[in-house]
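Reading the structure
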Amino acid sequence: MSAVRTALGDVAPGELGVCDAHDHVFFASPRLPGEELRSVTAARAELTAFRERGGGTVVQWTPYGLGRRAADLPALSRETGVHLVAATGLHQDVHYAEDVLAPLRGRAAEVFVAELTEGIGTSGVRAGLIKVAGGFHVLDAHARWAMSAAAEAHHATGAPIAVHLELGTGAPDVLELLCGELGVPPHRVVLGHLNRSPDPVAHREAAASGCYLAFDGPSRAHHATDWRMPRAVQDLVEAGHGDRILLGGDTTTAAARSVDGGPGMPHLLHRVAPRLALAVGEELVRRVLVANPARAFAVEWR
């Protein structure tokens, strides 16, 4: 039977409720000094605020080596009543010192599989997805290495692969590699940040492949996220791809948390979802927040 692998164990897909399909409870990168998401107290408050808005599940895309704090996730899930899904995998190489990556050379897939099936470190928490990342309109050697290992881990376990698209670009190259050369079924791939490159042709082509498209993260000055997102989603729905869409908050810095004065996780349900409902209707938004992620992250685990 299909199940979503959470910090508290496998749950039936129907138990997820309203899902933030791409966010970060904890995250620490040398690229963002001073903005690390490390506070358990802040994480608890943020998840509670998300729950109070009707949220049921947060999928954390924080991969290997970037401060996942997997051991803290079970208690947070119990205390807040929010299901938490952890990730294995790797981000772009700029987020790592070489001494962090060195232990993975030649055995990345093995580590990913172990974190999916046995647990992350000594935490006992098993990852529920594999996160990888592309570059701006390109896949460099690191991305190809990470995606090859992710595909191998997928074939061993069935786990979905979530892909950070830099500024929403590079989807054709990612799908050509993952689903073409490496044989990952498209419905096991989630492409993130499509909102950051509001190209309706690229969106429809990606959705037509059978993969999932995540519109994730509130607007910044250089993003066309909020104001173009409803129309982009409406275009996909009109093209028959309403079952391919996911929504997320992608909180990556301490200042972005609602408890620290930013939009945070509640923004997705408090502001983004109602605005999207004006374009596509409340029933479709409900499907995007509940039914679609239940399919996207459910696995017949091997």
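Treat the numbers as computed from the prediction; the structure is a model and nothing was measured.

1. Concerning the overall build of the protein
- Scanning the protein from N- to C-terminus turns up 10 helices and 11 strands.
- Taken over the C-alpha trace, the protein has a radius of gyration of 17 Å; the compact-globule value for 302 residues is 19 Å, and the two agree within 12%.
- Taking the principal axes of the C-alpha coordinates as reference, the protein spans close to 50 × 45 × 40 Å.
- Per-residue burial for the protein yields a buried fraction of 57% across its 302 residues.

2. Examining the environment of Ser258
- When you line up the elements, Ser258 lands in the loop between β11 (245-248) and α9 (266-280).
- The sequence separation of Ser258 and Ala45 amounts to 213 residues, and the corresponding C-alpha distance is 8.9 Å.
- In this view, Ser258 contacts Glu46, Ala49, Pro263, Gly264 and Pro266; residues no more than four positions away in its chain are not counted.
- Side chain to side chain, Ser258 and Glu46 meet in a polar contact 2.7 Å long.

3. Some thoughts on the sheet that holds strand β5 (residues 83-85)
- Strand order in the open sheet made by the 3 strands is β3-β4-β5, with parallel pairing throughout. Where the open sheet ends on each side, the last strands, each with one partner, are β3 (18-23) and β5. Put simply, the sheet's adjacent strands are angled 20 degrees from each other on average, direction ignored.
- As paired elements, β3 and strand β4 (residues 55-60) share 4 bridges and run parallel to each other. Pairing of Val18 across the sheet is with Gly55, part of β4.

4. Points about the packing of aromatic side chains
- Counting across every chain of the model gives 0 aromatic pairs.
- The ring of Trp145 carries Arg105 above its face, with NZ or CZ at 4.5 Å from the centroid.
- In this structure, Arg244 packs its charged tip against the face of Tyr212, placed 4.3 Å from the ring centre.

5. Details of the packing of α9 against helix α10 (residues 282-296)
- Axis separation between α9 and α10 bottoms out at 7 Å; the angle between their running directions is 130 degrees. In terms of orientation, α9 lies oblique with respect to α10. Pair α9 / α10 crosses with right-handed handedness. Taking contact as the criterion, the partners of Leu268, Leu269, Ala273, Leu276, Ala277 and Val280 in α9 are, on α10, Glu282, Leu284, Val285 and Leu289.
- Across the contact of α9 with α10, the residue classes break down as 9 nonpolar, no polar and 1 charged.

What counts, and where the lines are drawn
Residues numbered from 1 in each chain as written. Predicted model: local features only at pLDDT ≥ 70, side-chain atom pairs only at ≥ 80, totals over all residues. Heavy atoms only, no water. Helix = DSSP H or I, 4+ residues; strand = E, 2+ residues; numbered from the N terminus. Rg over C-alpha atoms; globule rule 2.2 N^0.38 Å. Buried < 20%, exposed > 50% of the residue type's maximum accessible area, 1.4 Å probe, protein only. Contact = heavy atoms within 4.5 Å. Polar contact = N/O pair within 3.5 Å; in protein donor to acceptor, adjacent residues only side chain to side chain. Pairing = 2+ DSSP bridges. Axes fitted to C-alpha atoms, helices over the stretch in contact; angles between N-to-C directions. Phe/Tyr/Trp six-rings, centres within 6.5 Å; stacked < 30°, edge-to-face > 60°. Lys NZ or Arg CZ within 6 Å of the ring centre and 35° of its normal. Parallel < 35°, antiparallel > 145°, perpendicular 65-115°, else oblique. Left-handed = near helix turned anticlockwise from the far one by under 90°. Nonpolar A, V, L, I, M, F, W, Y, C, P; charged D, E, K, R; others polar.

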